[in-house]
Every structure is written in C-alpha cells, then in structure tokens.
Amino acid sequence: MTLAEKLREEGLKEGLEKGLEKGKVAALAKTALKLLSRKFGPLPEEFKSKISKLDLVTLEIIIDGISDYESLDDVKKYIK
C-alpha cells in the first residue's frame, strides 16, 4: 500500500468517525427535545436551538435527569 493510499484510508476513517459522532449528537438532541416537550409542553424556539447545539456528554446528562426536572429552569443550567 502506498503512502497516499494509507493517508486516504486514514482520512476516510476519521471522516466516518466524525460523521457517526455528529449523527449520535443529532439523535440525542432530538430525543432530549422530544422528552422535554412531553414533560413541559411546547418549548421556546430559543431553547430548542440551544439544545440542538449541545455536545454529546451534556445531552446525555440532560436526558438522564429528565425525570427529576420540575421546570425548564432545571435544564437551563446545562445550556449556555
């Protein structure tokens, strides 16, 4: 395998991993929004936008805590 082929293969792997990560983040954001909407009703657009921009770990924390939240104020501490 030539150096160019090795570099191309590494680039493809890296691109695939990044794509999978983005897909996972998007799915978790969608899940968080769905669960929060079920619990609190329609969400403000600004809130939806901010949730959609969060990282994987923060989204997981939010989803794990949904049953404990009493209001959207409890979630806002995770949103910048």
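Residues numbered from 1 in each chain as written. Predicted model: local features only at pLDDT ≥ 70, side-chain atom pairs only at ≥ 80, totals over all residues. Heavy atoms only, no water.

Draft legend 1. Structural context of the overall build of the protein. In terms of regular secondary structure, the protein is built from four helices and zero strands. Written out in order from the N terminus, the α and β elements of the protein read α-α-α-α. Here the C-alpha atoms of the protein give a radius of gyration of 17 Å, more than 25% beyond the 12 Å that 2.2 N^0.38 yields for 80 residues. Buried residues in the protein amount to 25% of all 80 residues. Of all intrachain contacts in the protein linking residues separated by at least 6 positions in sequence, the fraction that spans at least 24 positions is 63%. (Helix = DSSP H or I, 4+ residues; strand = E, 2+ residues; numbered from the N terminus. Rg over C-alpha atoms; globule rule 2.2 N^0.38 Å. Buried < 20%, exposed > 50% of the residue type's maximum accessible area, 1.4 Å probe, protein only. Contact = heavy atoms within 4.5 Å.)

Draft legend 2. The packing of helix α1 (residues 3-40) against helix α3 (residues 56-65), seen in detail. Running from amino to carboxyl end, α1 crosses α3 at an angle of 25 degrees, the nearest separation of the two axes being 9 Å. If you check the angle between α1 and α3, you find them roughly parallel. In this structure, α1 meets α3 at a crossing whose hand is left-handed. Along the contact surface, α1 presents E21, K24, V25, L28, A29, T31, A32, L35 and L36, while α3 presents L56, L59, E60, I62 and I63. Considered class by class, the residues forming the contact of α1 with α3 number 10 nonpolar, one polar and three charged. (Axes fitted to C-alpha atoms, helices over the stretch in contact; angles between N-to-C directions. Parallel < 35°, antiparallel > 145°, perpendicular 65-115°, else oblique. Left-handed = near helix turned anticlockwise from the far one by under 90°. Nonpolar A, V, L, I, M, F, W, Y, C, P; charged D, E, K, R; others polar.)

Draft legend 3. Local environment of the confidence of the model for the protein. Residue-level pLDDT values for the protein average 91, and 100% of them are 70 or greater. Mean pLDDT across the secondary structure elements of the protein bottoms out at α1, with 89, and peaks at α3, with 96. (pLDDT = per-residue confidence, 0-100.)

Draft legend 4. Seen up close, the packing of α1 against helix α2 (residues 45-52). Running from N to C, α1 and α2 cross one another at 145 degrees; their axes reach a closest spacing of 9 Å. Seen from above, α1 lies across α2 with right-handed handedness. For the pair formed by α1 and α2, the contact residues are A29, A32, L33 and L36 on the first element and F47, K48, I51 and S52 on the second. Among the residues making up the contact of α1 with α2, the classes are represented as six nonpolar, one polar and one charged.

Draft legend 5. Geometry of α3. All of the buried residues along α3 are L56, T58, L59, I62 and G65. In this fold, the buried residues of α3 make contact with α1, α2 and α4 (72-76). A distance of 3.1 Å separates the backbone nitrogen of V57 from a side-chain oxygen at the start of α3, and that oxygen is part of D55. (Polar contact = N/O pair within 3.5 Å; in protein donor to acceptor, adjacent residues only side chain to side chain.)

Draft legend 6. Structural detail: the nonpolar core. Counting 18 residues, the largest nonpolar core has L36, F47, I51, L59, I62 and V75 as the members making the most contacts within it. Looking at this core, the elements that each hand over two or more residues are α1, α2, α3 and α4. A per-element tally of this core places α1 first, with six residues. When neighbours within four sequence positions are excluded, I51 is seen to be in contact with A29, A32, L33, L36, L59, I62, V75 and I79. (Core = buried A, V, L, I, M, F, W, Y, C linked by side-chain atoms within 4.5 Å.)

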